[in-house]
Each structure stands twice: as C-alpha cells, then as structure tokens.
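So the chains spell out like this:
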Amino acid sequence: QLLKYAPGVTWEQRARYLYEGATIAEHYNMRRELVPIYTTIALDLRQRSPMKSKEYYLKAAQIATEVADRHNLVVIYNNLADMYCYLGDMYHSYMYLEKANEALEGSSNLATALLQHEVEISLFIEDHAKATSAVDKLAMSAKRKGLGSIRLQAFLYRFQIAVELGKERCRRKIHLK
C-alpha cells in the first residue's frame, strides 16, 4: 500500500520495489497479490506510457477474473475507462465502463462512481438518452443511500443535459432557415 503513493518517493524508487514484488509474486504463484501490484504499476504509467499501462491493467484484469476478485476487477475496468477517456478513445472508454458495470453485479460503493463516470462519458459522446438514464439511476441510488451531495450532482447533470439539448435544438433551427 505504501508504494501506491509515498510523499517524497519518486516513481523510479517505487518502481524498483513494485517490479521486485511482482517478480516474487510471480515466482511463488501468488496470483491474488499480483492484482494490486499490476494495478499500481499501470496507474503510475498511465500518463508516461499509456500503452504499457494498458498492458498492466489487462494483466491485472485477467488475474482478477481468474481469482474471482470482483472488487478489483471493477476498479481496473473503471481505470481503463478513465485511461481511454484521457486518450480520447470514447468507444473503448465506454466499453470498459460497461464491463465494470457487468462485474459490479449488484450494489456496491463503487456503483455511484461508475454511474457518475457513465454520465460523463455519455455527455461527452452526446448520447443524451443514455446520460439521462444514468442520471436517473444515480439519483435513485443516492436517494436510497442518503447521499445528498450525489443527489445534487445528479441535479447538475440533468441541468447540463437540458442545456446541451437546448443548444442542439437551436443549431437545428439555424440549419432549417
């Protein structure tokens, strides 16, 4: 856990221990321990080398699937969705978000974060129907859990969707004239 972030410790210093830990875990076939190690490496590589980061995320996802570590699988798929969004590849971003939702299976603390991510991606690709559906789920989930700040966020998303739809209608009117 300390290797995820330690103030004053550079990536190079952490990387040495992470790769060493991965080597030991691989040697002793400690599959479950490899998942957080690979995920941490992928997270650190995300901006430096997105393709290398993707390789580590996919390795971690494969192992998480094999050892039935659903929680980490959801986190990994969500991180892959973030990474593809960062790269501007919304198709793959949404694909991994869908995989995260499938892996979630039922209620979890991660459900709220995934719904927020789904709304943001849907808005980015201008799929307002999907965004509205996700906002409705988000609002209902927040209401059940008593999360006032998330309910406010859902309201703000609804407002953003309404503004975007209004802009779209204005553009269509201008093109019809």
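Remember, it's a predicted structure, so these values are computed and weren't measured experimentally.

A. Broad picture of the overall build of the chain. Helices and strands together make up the secondary structure of the chain, namely eight helices and zero strands. Ordered by position from the N terminus, the helices and strands of the chain form the series α-α-α-α-α-α-α-α. Taken across its 177 residues, the chain has 38% of its residues classed as buried. Contacts spanning at least 24 positions in sequence make up 48% of the contacts within the chain whose residues lie at least 6 apart. Summed over its atoms, the accessible surface of the chain is roughly 10,900 Å², and 56% of this surface lies on carbon and sulfur atoms.

B. Spatial organisation of the nonpolar core. Formed by 36 residues in total, the largest nonpolar core has its most connected members in Tyr 38, Ile 41, Ile 76, Tyr 77 and Leu 80. When contributions to this core are tallied by element, the ones reaching two or more residues are helix H1 (11-27), helix H2 (31-45), helix H3 (50-66), helix H4 (70-87), helix H5 (90-104) and helix H6 (110-124). Per-element accounting of this core gives the leading share, eight residues, to H4. Once residues lying within four places of it in the same chain are set aside, the contact partners of Tyr 77 are Ala 61, Thr 65, Tyr 96, Lys 99, Ala 100 and Ala 103. With five residues, the next largest nonpolar core counts Ala 131, Ala 134, Val 135 and Ile 161 among its residues.

Thresholds, definitions, all that
Residues numbered from 1 in each chain as written. Predicted model: local features only at pLDDT ≥ 70, side-chain atom pairs only at ≥ 80, totals over all residues. Heavy atoms only, no water. Helix = DSSP H or I, 4+ residues; strand = E, 2+ residues; numbered from the N terminus. Buried < 20%, exposed > 50% of the residue type's maximum accessible area, 1.4 Å probe, protein only. Contact = heavy atoms within 4.5 Å. Areas by Shrake-Rupley, 256 points an atom, 1.4 Å probe, with all protein chains shown as cover. Core = buried A, V, L, I, M, F, W, Y, C linked by side-chain atoms within 4.5 Å.

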